[in-house]
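Commentary on secondary and tertiary structure
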Amino acid sequence: KIRNRVKNECGVTVSVGVSFTKTLAKLGSDIKKPDAVTVIDKSYLKNVIYKMPCSDLLMVGRSTAKTLKSMGIFTIGDLAAANETALIGKLGKNGQTLIKMARGEDTEAVKSYFEHEKPKSIGHSATAEKDLTEEGEVFAAFIEFSEGICYKLRKENLLAGTVAIHTLTGDFEGREYRTPLEAPTDLSMTIAKAAMELFKKNNCLSVPLRAVGVRVVNLTEKTDAMQLSLFENADEIKAEQNLEKEILDIRNKYGDNSLKRAVCINNKAKPSSPGFYKK
């Protein structure tokens, strides 16, 4: 029914795999093409799938296949019969996962397309138009990074418990520092100020910097009973929350550049993609 509906409504053919694990169903969808259904039961697994090369299995790339061959493991059947301890010694946790996949023992559930996992960290970074040499330039970048981070925190209904910064010199020497916050927050200025304190504490401008970034971790679900630190003023926090909400509402209506903090107008390091320590 699915194949026919896709063909009738979209004009394309699909191949379908049906099995008792998600991995084997995915493998089945690759066996017969185009416009076919492959059902993998336990007898099909042992009589057909076990004779196929390991590289046909999900998660077995070129490097992993080479490692498996060096251990005398060539087929999916070889992998299913392999010594689990030896494989974990070579491939770590992935070794155990691969054996379970080959044996048809992996139990990971199929997730709905509409399911969404909460992020474990949120970050922004950028390479500057020219090397950063002044603290004001860095702080402007940190504010813009933090505003982008807090937009995502609010969207996910999360609070940040720890702030991390990343720096990269012209010689591509990267360093990372982190500090816990006194209380979890989704306020951009709180995060930006914590990042700047961390930056100054570690004397990060001892050399010019090519790139900087901010990231938050230790994320927790936001609740109505938001805990403050002993040194925070509840009225000031409320005022800052209201201010940031108004800024966000204006940007949502008129665009990201419709309203900027004055310190960020000449920011030389614009926010880029999340995950600043990807190399």
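Everything that follows concerns the structure shown earlier in this document.
Summarised in this report is the structure supplied together with it. (Residues numbered from 1 in each chain as written. Predicted model: local features only at pLDDT ≥ 70, side-chain atom pairs only at ≥ 80, totals over all residues. Heavy atoms only, no water.)

Turning our attention to the side chain of E156. Here E156 lies in helix α8 (residues 135-156). Those residues in contact with E156 that sit more than four places away from it in its chain are H116, K118, P119 and E221. (Helix = DSSP H or I, 4+ residues; strand = E, 2+ residues; numbered from the N terminus. Contact = heavy atoms within 4.5 Å.)

Before going further, it helps to examine unusual backbone geometry. Across the junction of K33 and P34, the peptide omega takes the value -10°, indicating a cis bond. Along the chain, P34 turns up in the loop between α2 (22-31) and β2 (37-40). The backbone of M59 shows a phi angle near 80°, a positive value even though the residue is not glycine. Note that M59 resides in the loop between α3 (42-47) and α4 (62-70). A relative accessible area of 42% places M59 in the partly exposed class. For N218, which is not a glycine, the phi torsion comes out positive at approximately 55°. Examined against the element boundaries, N218 turns out to sit in strand β6 (residues 209-221). (Buried < 20%, exposed > 50% of the residue type's maximum accessible area, 1.4 Å probe, protein only.)

What follows concerns the side chain of T23. Looking at the secondary structure, you find T23 in helix α2. Looking at T23, its side chain comes within polar contact range of the side chain of D106, at 2.7 Å. In this structure T23 touches L57, L58, M101 and D106, once residues within four positions along its chain are discounted. (Polar contact = N/O pair within 3.5 Å; in protein donor to acceptor, adjacent residues only side chain to side chain.)

Another point: a nonpolar patch on the surface. Residues V18, V37 and V39 make up a contiguous nonpolar surface patch of about 220 Å² in total accessible area. Among the secondary structure elements, V18 is positioned in strand β1 (residues 16-19). Since its relative accessible area comes to 39%, V18 is described here as partly exposed. (Patch = residues over 30% accessible without salt bridge, like charges linked within 9 Å, V, L, I, M, F, W, Y side chains within 5 Å. Areas by Shrake-Rupley, 256 points an atom, 1.4 Å probe, with all protein chains shown as cover. Salt bridge = Lys/Arg side-chain N within 4 Å of Asp/Glu carboxyl O.)

A word on the packing of α4 against helix α6 (residues 84-91). One way to put it is that α4 packs onto α6 with a least axis distance of 11 Å and a crossing angle of 135°. By the criterion of interaxial angle, the relationship of α4 to α6 is oblique. The interaxial crossing formed by α4 with α6 has right-handed handedness. Touching T64, T67 and L68 of α4 are L87, K90 and L91, all from α6. (Axes fitted to C-alpha atoms, helices over the stretch in contact; angles between N-to-C directions. Parallel < 35°, antiparallel > 145°, perpendicular 65-115°, else oblique. Left-handed = near helix turned anticlockwise from the far one by under 90°.)

With that settled, consider the sheet that holds β6. Strand order in the open sheet formed by four strands is β3-β6-β4-β5, and the pairing between neighbours is antiparallel. The two strands at the open ends of the sheet, each matched to only one other strand, are β3 (122-132) and β5 (174-185). Within this sheet the neighbouring strands show an average axis-to-axis angle of 15°, counted without direction. Inspection of the sheet shows strand β4 (residues 158-169) paired to β6 by 11 bridges, in the antiparallel sense. Looking at β6, one finds that A160 is bridged to L219. (Pairing = 2+ DSSP bridges.)

As for its position among the elements, A141 is in helix α8. Expressed as a C-alpha distance, the spacing of A141 and V212, which sit 71 residues apart in the sequence, is 8.0 Å.

This part takes up the packing of aromatic side chains. Applying the stated rule across the entire model yields one aromatic pair. Directly above the aromatic system of F20 lies the positively charged group of K42, at a separation of 5.6 Å from the ring centroid. (Phe/Tyr/Trp six-rings, centres within 6.5 Å; stacked < 30°, edge-to-face > 60°. Lys NZ or Arg CZ within 6 Å of the ring centre and 35° of its normal.)

Right, let's talk about the packing of α8 against helix α9 (residues 188-201) for a bit. Two elements in contact, α8 and α9, have axes separated by 8 Å at closest approach and are oriented at 140°. The pairing of α8 with α9 is recorded here as oblique in orientation. Considering how the two elements wind past one another, α8 and α9 form a crossing that is right-handed. Touching E135, V138, F139, F142, I143, S146, E147, C150 and L153 of α8 are S188, M189, I191, A192, K193, A195, M196, F199 and K200, all from α9. Taken together, the residues of the contact of α8 with α9 break down into 12 nonpolar, two polar and four charged. (Nonpolar A, V, L, I, M, F, W, Y, C, P; charged D, E, K, R; others polar.)

Topologically, R178 is positioned in strand β5. Along the sequence, R178 and R215 sit 37 residues apart, while their C-alpha atoms lie 8.9 Å from each other. Contact partners of R178, with chain neighbours within four places excluded, come to T162, V163, A164, L198, R215 and V217.

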